[in-house]
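A look at the structure
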Amino acid sequence: MKIIVTGGAGFIGSHVVDEYVQAGHNVVVIDNLLTGSRKNLNPRAKFYDANIRDRAVVDRIFKKERPEVVSHLAAIAEVIKSIRDPMPTLQTNVLGIVNLCLAFGAHGRGGAQRKFIFSSTGGAMYGAPRKLPATEKEDTITLSPYGLSKHLGEEVLKFYARQYNFPYFIFRYANVYGPRQSPKGEAGVIAIFGGLMKAGARPIIFGDGTKARDYVYVGDVARANLLALRRGKNDVVNIGTGKLVTDRAIFDAVARASGFKGKPIYKPYRKGELYKISLDARKAGRVLGWKPTMKFEEGVRTTVAAL
Ligand code: NAD
């Protein structure tokens, strides 16, 4: 299959590209290298250094490539940055998907394999649910412009899928971690802690260490993207482990993996961040036959070793 992966030079996107290439697909990457890197690019994928905000450029690429599938991961994916300066996040994450839908509707190849797969968020979609792990039925209450942009992205996709009659599939990820995650971002706490500890520096914990998230390994996420080529239609599924891991537990696991002996620095909570979120991904099991397989400690060791 011919598959366009947007954000294929980024952390998760590059693993999705590797998985598709490995399975024998013909992969085309669109990425403007804002947070992505040429180092992450699979040499067997064709690369366009292009901005998904540019409608004419996106249209030209789709006209030339005529993909059967789009796996859309390009985004500005930082919560705190989106609160400080919302416009770039909203422009890329909402207008970008409009351009991709228009181009896919006009130039996408037909056939049974046709599909638009969108990487959305679970962590920033459900507000602070009372019942954890949260299912896909949980109300959408976004707490940041980033969450809002992904929610609007989902609505844009559903609208154009109806207009052009192409199948779509939406993933809502928990906190994804693994090799190639940038230790310089604001999220990606395992990579950030690992980078600091390896340099002998003390990581900061915002809050008292009890803030907790659901951490899913990037290899498991890439496998979900592969499964979605054959299964799942016009649906939305969470991708996570259903388990909560506290900041303190992460500090300890990364310290064990890196041999760090120091203590964390504690600072007040940051505005816009959730206290606890975990995702119920049993629907992904039913729809795709997907289950997380990576054990947390082993995933942390692999991530820290790759830094
Ligand atoms: P990332 O920053 O590593 O990847 C995003 C990629 O998009 C980068 O390569 C960047 O250069 C590219 N990009 C940004 N703006 C672009 C533009 N205008 N045109 C073309 N390319 C552009 O982040 P990631 O963690 O790999 O996230 C990938 C996707 O998964 C995002 O859509 C994000 O919202 C979603 N997601 C990530 C997580 C997580 O925990 N990392 C959780 C939920 C959802």
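A brief structural summary.

With that settled, consider the nonpolar core. Counting residues in each nonpolar core, the largest one holds 42 residues, and the members touching the most others are I12, F171 and I239. At the level of secondary structure, the elements contributing two or more residues to this core comprise β1 (2-6), α1 (11-22), β2 (26-31), β6 (168-173), α7 (218-230), β11 (235-239) and α9 (282-288). Apart from the residues lying within four places of it in its own chain, the contact partners of I12 are L73, Y173, V176, V218 and V221. Core analysis: the next-biggest nonpolar cluster, separate from the first, contains 29 residues, I4, V156, L157 and V236 among them.

Turning our eyes to something else, we now look at the environment of S182. Counting through the fold element by element, S182 comes out in the loop between β7 (175-177) and α6 (189-198). Between the alpha carbons of S182 and L307 there is a distance of 8.9 Å; along the sequence they are 125 residues apart. Within polar-contact distance, the side chain of S182 engages the backbone nitrogen of K184 at 3.0 Å.

If you walk through the whole model with that rule in mind, you get 15 aromatic pairs. Between F104 and F116, the ring centres sit 6.0 Å apart and the planes meet at 75°, which makes this aromatic pair edge-to-face. One end of the pair, F104, is in helix α4 (residues 86-107); the other, F116, is in strand β5 (residues 115-121), with twelve residues separating them in the sequence. F116 carries the same exposure label as F104, and that label is buried. By the ring-pair criterion, three or more aromatic residues cluster together here, those being F104, F116, F159, Y160, Y164 and F166. One Lys or Arg, K115, reaches over the ring of F169 and ends 5.9 Å from the middle of that ring. Between the NZ or CZ atom of R270 and the centre of the ring of F206, over which it lies, the distance is 4.2 Å.

Once that is clear, we can look at α1. Its twelve residues place the ends of α1 17 Å apart at the C-alpha level, agreeing with the 16 Å of an ideal helix rising 1.5 Å per residue. A large share of α1 lies buried, amounting to nine of its twelve residues. Residues of α1 that are buried include every one of F11, I12, G13, S14, H15, V16, V17, Y20 and V21, and no others. Backbone geometry just downstream of α1 places G24 in the positive-phi region, at approximately 95°.

Burial within β11 is extensive, with four of its five residues counted as buried. Across five bridges, the pairing between β6 and β11 is parallel. The residue bridging R172 from the neighbouring strand is N238, located in β11.

Bringing the site of the ligand into the picture now. As a structural note, the neighbourhood of the ligand is formed by 28 residues, with D31, T35, N51, Y146 and K150 the closest of them. The separation between an oxygen atom of the ligand and a polar main-chain atom of L73 is 2.9 Å. At 2.8 Å, a backbone N or O of V176 approaches an oxygen atom of the ligand. Protein coverage of the free-state accessible area of the ligand, which is 820 Å², stands at 91%. Secondary structure elements with two or more residues in the shell around the ligand: α1, β5, α5 (145-164) and β7.

Let us now look at the side chain of S149. Position of S149 among the secondary structure elements: in helix α5. With a relative accessible area of 0%, S149 lands in the buried category. A polar atom in the side chain of S149 sits 3.0 Å from the side chain of N93. Leave out the neighbours within four places in its chain, and S149 touches T89, L90, N93 and V94.

Take unusual backbone geometry next. Here the amide bond leading from L132 into P133 is cis, since omega sits at -5°, within 30 degrees of zero. Locating P133 in the fold gives a position in the loop between β5 and α5. Positive phi, normally seen in glycine, also occurs at N234, with a value near 50°. By secondary structure assignment, the location of N234 is in the loop between α7 and β11.

The next subject is the pattern of salt bridges. Pairing between side chains of opposite charge can happen when their charged atoms approach one another. The full count for this structure, using the stated rule, is 13 salt bridges. R256 is the salt-bridge partner of E297, the closest N and O atoms lying 2.5 Å from each other. With a gap of 41 residues between them, E297 in helix α10 (residues 296-306) and R256 in helix α8 (residues 247-258) connect regions that are remote in the sequence. A salt bridge links D280 to R282, with the shortest nitrogen-to-oxygen separation between them at 2.7 Å.

Analysis parameters
Residues numbered from 1 in each chain as written. Predicted model: local features only at pLDDT ≥ 70, side-chain atom pairs only at ≥ 80, totals over all residues. Heavy atoms only, no water. Core = buried A, V, L, I, M, F, W, Y, C linked by side-chain atoms within 4.5 Å. Buried < 20%, exposed > 50% of the residue type's maximum accessible area, 1.4 Å probe, protein only. Helix = DSSP H or I, 4+ residues; strand = E, 2+ residues; numbered from the N terminus. Contact = heavy atoms within 4.5 Å. Polar contact = N/O pair within 3.5 Å; in protein donor to acceptor, adjacent residues only side chain to side chain. Phe/Tyr/Trp six-rings, centres within 6.5 Å; stacked < 30°, edge-to-face > 60°. Lys NZ or Arg CZ within 6 Å of the ring centre and 35° of its normal. Expected span 1.5 Å × (residues − 1). Pairing = 2+ DSSP bridges. Near = heavy atom within 4 Å. Areas by Shrake-Rupley, 256 points an atom, 1.4 Å probe, with all protein chains shown as cover. Salt bridge = Lys/Arg side-chain N within 4 Å of Asp/Glu carboxyl O.

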